Amino acid sequence: MVSDTTGNDTTAGGGPRPGGGGTLAGRTVSRIGYGAMQLERLHGDRKAAVALLRRAVQVGVDHVDTAQFYGNGFVNGLIRDALRPEDDVLVVSKVGADPDSDGPLPLRLAQRPEELRASVEDNLRSLGVERIGVVNLRRADSGPGMRAEGDQMVDLDDQLATMTALREEGKIGAIGLSSVTLEGLRRALPAGIVCVQNAYSLVTRDDEDLLRLCVTEGIAWVPFFPLGGAFPGVPKVTDEPAVVAAAGTLGLTPSQIGLAWLLQHAPNVLLIPGTANREHLTANVAAGSVTLDAPTLAALDEVRSASTDVSLG
Ligand SMILES: NC(=O)c1ccc[n+]([C@@H]2O[C@H](COP(=O)([O-])OP(=O)(O)OC[C@H]3O[C@@H](n4cnc5c(N)ncnc54)[C@H](OP(=O)(O)O)[C@@H]3O)[C@@H](O)[C@H]2O)c1
């Protein structure tokens, strides 16, 4: 059971937790967190990006997802400048890909054990910390985007050996997995996995079996693209007629319906919706207060799932 039963229902700042509390890496975090990838788009307005992160903390977010390859260190630098120790924010990064400013996507796979280690060091430097709370090993086994070829096809056990060594050295606090298969997660369980980050939303539910294994194992489920992401070709929650209908009936936005559905779908769900827009941040945090009634949930549960196995390039 991952939902919080400790009574730790306020953030370090003393405010209520949007969506209530959940557990990640042995601590309580607000179930509505923040995915920082969209901040790349604010490259030209650093001040606005830092202000958005500060705003997230003020409204109760204490779980922020990032990567070195978000703007080639730009986003990590924003986090370093915006967040203070007293905010007590759990920063989660990922390894398995490196920045690639000349590629069709701004990243390329970097799956080899020595690349994982180098990427953790890059993250430590750009975040300005001695330890990263959680690091997700970003595989390329499922979901949208890249597939490994040649020397990038690395055995999971070899990667986990490096990740556990980094944890023993204190450079990372805990290990998560991303874009992983059910079989991969099963193999990795002995390493002690605290979260899984796969593409998943109300309209893309390929990984229901994985989610259920995470519930059983007390592992947080932190879906990426919870709204369908910003890339064309990935199904958007806000385009789904049943979502738009529920939003109209309840006086909410389609995005809020999509996020509220995820929170109610399983107790171990923690959200990291991405936005570069202050009003959207406010709306996403407010989704944590929405309780969908049984008929609405039943109608949303009926939505047919599409696949996320699409190219992003
Ligand atoms: N593990 C991985 O491989 C992986 C891959 C991708 C992403 N991630 C992480 O997951 C996080 C979430 O994914 P994501 O940001 O790609 O996709 P997302 O959260 O599904 O959607 C982001 C898109 O939705 C828009 N949006 C957000 N809130 C909205 C609202 N209230 N109303 C209307 N539009 C809204 C954003 O535009 P605006 O900016 O205009 O609001 C943006 O276009 C990322 O930020 C990143 O931290 C991880």
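Quick summary incoming for the structure in this document. (Residues numbered from 1 in each chain as written. Predicted model: local features only at pLDDT ≥ 70, side-chain atom pairs only at ≥ 80, totals over all residues. Heavy atoms only, no water.)

## Considerations on the nonpolar core
Core analysis: the largest hydrophobic core is formed by 87 residues, its most contacted members being Tyr34, Leu39, Ile79, Leu177, Leu185 and Ile193. Tyr34 has contacts with Leu39, Leu52, Leu53, Val61, His63, Val64, Asp65, Leu271, Ile272, Pro273, Thr275 and Leu281, leaving out every residue within four places of it along the chain. In this structure, Leu24, Val29, Val194 and Leu270 belong to the second largest nonpolar core, which totals 12 residues. (Core = buried A, V, L, I, M, F, W, Y, C linked by side-chain atoms within 4.5 Å. Buried < 20%, exposed > 50% of the residue type's maximum accessible area, 1.4 Å probe, protein only. Contact = heavy atoms within 4.5 Å.)

## Notes on the site of the ligand
Lining the immediate environment of the ligand, one finds 27 residues, of which Asp65, Gln197, Leu227, Thr275 and His280 sit closest. In the environment of the ligand, an oxygen atom lies 3.2 Å from a nitrogen or oxygen atom belonging to the backbone of Met37. Here an oxygen atom of the ligand and a backbone polar atom of Ala276 are 2.8 Å apart. Its free accessible area being 900 Å², the ligand has 87% of it covered by the protein chains. Judged by its atoms lying within 2 Å of the grid points, the ligand is housed in the largest pocket. (Near = heavy atom within 4 Å. Polar contact = N/O pair within 3.5 Å; in protein donor to acceptor, adjacent residues only side chain to side chain. Areas by Shrake-Rupley, 256 points an atom, 1.4 Å probe, with all protein chains shown as cover. 1 Å grid on protein atoms, 1.4 Å probe; cavity = no way out; pocket = protein on both sides within 12 Å on 5 of 7 lines; lining within 4 Å. Sits in = over half its atoms within 2 Å of the grid points.)

## Considerations on the packing of helix α3 (residues 113-127) against helix α4 (residues 156-168)
Two packed helices can be described by the angle between their axes and the distance between those axes. The interhelical angle for the contact between α3 and α4, taken along N-to-C directions, is 30 degrees, at an axis separation of 9 Å. Taken together, α3 and α4 sit at an angle that is classed as roughly parallel. For the element pair α3 and α4, the recorded crossing hand is right-handed. Along its contact with α3, which presents Pro113, Leu116, Arg117 and Val120, the element α4 presents Asp158, Gln159, Thr162, Met163, Ala165 and Leu166. Classifying every residue of the contact of α3 with α4 by side-chain character gives 6 nonpolar, 2 polar and 2 charged. (Axes fitted to C-alpha atoms, helices over the stretch in contact; angles between N-to-C directions. Helix = DSSP H or I, 4+ residues; strand = E, 2+ residues; numbered from the N terminus. Parallel < 35°, antiparallel > 145°, perpendicular 65-115°, else oblique. Left-handed = near helix turned anticlockwise from the far one by under 90°. Nonpolar A, V, L, I, M, F, W, Y, C, P; charged D, E, K, R; others polar.)

## Some thoughts on the environment of Leu271
Summarising the element assignment, Leu271 is placed in the loop between α8 (254-265) and α9 (278-286). Between the alpha carbons of Leu271 and Pro226 there is a distance of 7.4 Å; along the sequence they are 45 residues apart. Apart from residues lying up to four places away in sequence, Leu271 is in contact with Arg31, Ile32, Gly33, Tyr34, Pro223, Leu259, Leu262 and Leu263.

## Details of the layout of surface pockets
If you roll a probe as big as a water molecule over the atoms, it shows you where there is empty space left. The computed volume of the largest pocket comes to approximately 940 Å³. Around the largest pocket, the lining is made up of 41 residues, and of these Met37, Gln38, Phe225, Gly229 and Ala230 lie nearest the centre. Per-element tally for the lining of the largest pocket: the top contributor is α9, with 3 residues. Tallied by class, the residues present in the lining of the largest pocket amount to 21 nonpolar, 14 polar and 6 charged. (Points joined across faces, edges and corners; volume = space filled by probe spheres on them.)

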